[in-house]
Amino acid sequence: MRLFSATLATETNTFSPLPTSLDAYKEGVFLRPGEHPTDAPLMCTAPLFVARRRSVAEGFTLVEGSCFAASPAGTTNRADYEFMRDEILAQLQAALPLDGVLFGLHGAMVAHGYNDVEGDVLERARAIVGPNCVIGVELDPHCHLTVKRVRLANITILYKEFPHTDVVERAEDLLTLVLRTIRKEVRPTTSLFDCRQIGSYPTTFPLMRGFVDRTAAMEGRDGVLSVSIGHCFPYADVPELGGRILVITDNDKAKADRLASRIGQEFIAMRGRTAPDYLDCDAGIDAALAFNGSPVVVADPADNAGGGAPSDNTTVLRGLMRRNVDSVALGPIWDPIAVRLCFDAGLGAQFPLRFGGKTGPASGAPIDATVTVVGLRRDCWQSFGPTQVLLGDCAAIKAQGVEVVLIANRTQALGLELFRNLGIEPTERKLVAVKSTNHFMAAFGPIARKVIYIDSDGPLSRDYTKIAYSMVQRPIWPLDETTLPALVA
Ligand SMILES: [Zn+2]
């Protein structure tokens, strides 16, 4: 038995002012066959990692392809996408004959000229391997679950958790189902229900937690092989954006249709109740300052680098500076130029600095202030679970009572080291403002006396009716009141 595995992944925010090129993949994951580390999977490479570990015991040969993955940002350069795709397809061709293929994709990648990158990859892969080869795909739930890609793959499995803590478990599920299909123990039959909705579904809140646990418990019983909940990725202008339910049964299309429809209706009934409440910027800051207890953590998800935002929006910071507050820390603001200027000025220097507000209109205006450099450190990192996320060179400045962490490597607030690297102790501050949607909760949740979510004017608005979609199929909630949810595959 012969299997092939490769990865091509990013989460494309088509509204982001930051184009994605091959350099972004080289800064992320850029591994040729055999170069994948043995100790842990990287961004979206869990299928290869898991297949390598199980190949001997399960009696198959794994042919490793390339793995390319970039952090979330704007649309990928067309030539660079085609270069990576064609490299993987050439490896696939050379690996024939194959019984199975495992793709670690993200599912929300867009390249110039390609709205459905994953559909394009699968179409070309299917043409190479033929109709009898079993193709399995692992996706992030923040994906576009297009009809094309679902039909081209035999088995598609999404992570169930947000934050995504089950990437390896789902890759194990995928490999198991691919192997059982090759061994003719099961015949995967897929149904896809389109809920016609845009939303956010952290599984850390009780309603979504219960929904995920209930649907996961259906797997492995009564011929149900897999249930995946597609959350959608709201910050992309592609036709098939939206929440979808994917059910795979063992050769029972009617059952898959019934179950996908039933779960889909349940998902629809939860509309508007799955995410935290977001305050506007001023109300959020006032509520944080009025709270008796500290620290209060204020999250600015609209400028989350993890969703492709530049992380240099200045609105929350400006609101804090206007109030002449003290004991307030904010981070990260991505501004490599300002970091460089702070290093040039030196620790303790007081000088006029322009920072933030650089990348695009949704960054707001830059801030001009006389600042004091209160911290400098090269090659910093922060922790996220067991992993270290690089921040690059970092500078802390004090601007009208607000300590601001400037970073050189664009990423969201994840670990307390973001502040501690520069001598700022977040537990001793009255208010800590972070740019992140939900991942910050792993480290900042335990120290926070209270968490307040703000919807700023950053590029990832939580109010989806404000997003300038032109290609998204309508009607869709909450842009439209009445929608027509239906089975689409
Ligand atoms: Zn995701």
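Use the structure listed above.
The model shown is predicted, which means the values in this text are computed figures rather than measured ones.

Undergrad: Which residues make up the overall build of the protein, and what are the values?
TA: Summing up its helical and strand segments, the protein has 13 helices and 18 strands in all. Relative to its length of 489 residues, the protein is compact, with a C-alpha radius of gyration of 23 Å against a globular reference of 23 Å. Counting only C-alpha atoms, the protein reaches 70 × 50 × 40 Å along its principal axes. Across the protein, contacts joining residues at least 24 apart in sequence account for 74% of those joining residues at least 6 apart. Per element, the accessible surface of the protein, about 18,300 Å² overall, is 51% carbon and sulfur. When the 49 positive and 56 negative side-chain charges of the protein are each reduced to one mean point, those points stand 3 Å apart.

Undergrad: Describe the coordination of the zinc ion, naming the residues involved and giving the relevant values.
TA: Looking at the zinc ion, one finds its protein donor set to be Asp140 (OD), Asp140 (OD), His142 (ND1) and His164 (NE2), positioned 2.1 to 2.5 Å from the metal centre. Classification of the site at the zinc ion as irregular follows from its four donor atoms and the range of 54 to 145° in their angles at the metal. All donors of the zinc ion belong to a single chain; written as a sequence motif, their spacing is D-x1-H-x21-H. With Asp140 in the loop between strand E5 (134–139) and helix H5 (147–152) and His164 in the loop between strand E6 (155–158) and helix H6 (167–182), this pair connects stretches of sequence that are 24 residues apart.

Undergrad: So what's going on with the side chain of Arg244? Which residues, and what values?
TA: The residue Arg244 is located in strand E9 (residues 244–250) in this model. A polar contact is formed between the side chain of Arg244 and the side chain of Asp194, at a distance of 2.9 Å. A distance of 2.8 Å separates polar atoms of two side chains, one belonging to Arg244 and the other to Glu240. With near-sequence residues (within four places) excluded, Arg244 lies in contact with Leu145, Thr146, Val147, Leu192, Phe193, Asp194, Cys195, Ser228, Ile229, Gly230, Gln473 and Val488.

Undergrad: Describe helix H7 (residues 206–216), naming the residues involved and giving the relevant values.
TA: Along H7, the residues that are buried comprise Met208, Phe211, Val212 and Thr215. Across the axial projection of H7, the buried residues extend over an arc of 95°, all falling on one side.

Undergrad: Give a description of helix H2 (residues 46–58) that names residues and reports values.
TA: Taking 1.5 Å of rise per residue, the 13 residues of H2 would be expected to cover 18 Å, and the 17 Å separating its terminal C-alpha atoms lies within 8% of that figure. Where H2 bends most, the angle comes to about 35°, and this point is Arg52. When we look at burial in H2, the residues that qualify are Ala46, Pro47, Leu48, Phe49, Val50, Ala51, Arg54 and Ser55. In the core, the buried residues of H2 are packed alongside strand E1 (2–9), strand E3 (61–69), strand E4 (100–105), E5 and H6. Within two residues after H2, Gly59 carries a phi angle of roughly 70°, on the positive side.

Undergrad: Lay out the sheet that holds E9 with the relevant residues and their values.
TA: Reading across the sheet, the four strands line up as E8-E9-E7-E18 and stay open at both edges, with antiparallel pairing between neighbours. This sheet does not close on itself; its edge strands, each paired only once, are strand E8 (224–230) and strand E18 (486–487). Where E8 meets E9, six bridges bridge the pair, whose relative direction is antiparallel. Bridged to Gly230 within E9 is Arg244. Packing against the sheet, helix H8 (residues 253–269) makes contact with strand E7 (188–194), E8, E9 and E18, and its axis sits at approximately 30° to E7.

About the criteria used
Residues numbered from 1 in each chain as written. Predicted model: local features only at pLDDT ≥ 70, side-chain atom pairs only at ≥ 80, totals over all residues. Heavy atoms only, no water. Helix = DSSP H or I, 4+ residues; strand = E, 2+ residues; numbered from the N terminus. Rg over C-alpha atoms; globule rule 2.2 N^0.38 Å. Contact = heavy atoms within 4.5 Å. Areas by Shrake-Rupley, 256 points an atom, 1.4 Å probe, with all protein chains shown as cover. Lys, Arg positive; Asp, Glu negative; His and termini not counted. Charge placed at Lys NZ, Arg CZ, Asp CG, Glu CD. Donors = N, O, S within 2.8 Å, 3.2 Å for Na, K, Ca; no water. Tetrahedral: all angles 85-135°; square planar, octahedral: opposite > 155°, others 65-115°. Polar contact = N/O pair within 3.5 Å; in protein donor to acceptor, adjacent residues only side chain to side chain. Buried < 20%, exposed > 50% of the residue type's maximum accessible area, 1.4 Å probe, protein only. Arc of directions from axis to C-beta. Expected span 1.5 Å × (residues − 1). Bend = angle between axes of the 7 residues up to and from the residue. Pairing = 2+ DSSP bridges. Axes fitted to C-alpha atoms, helices over the stretch in contact; angles between N-to-C directions.

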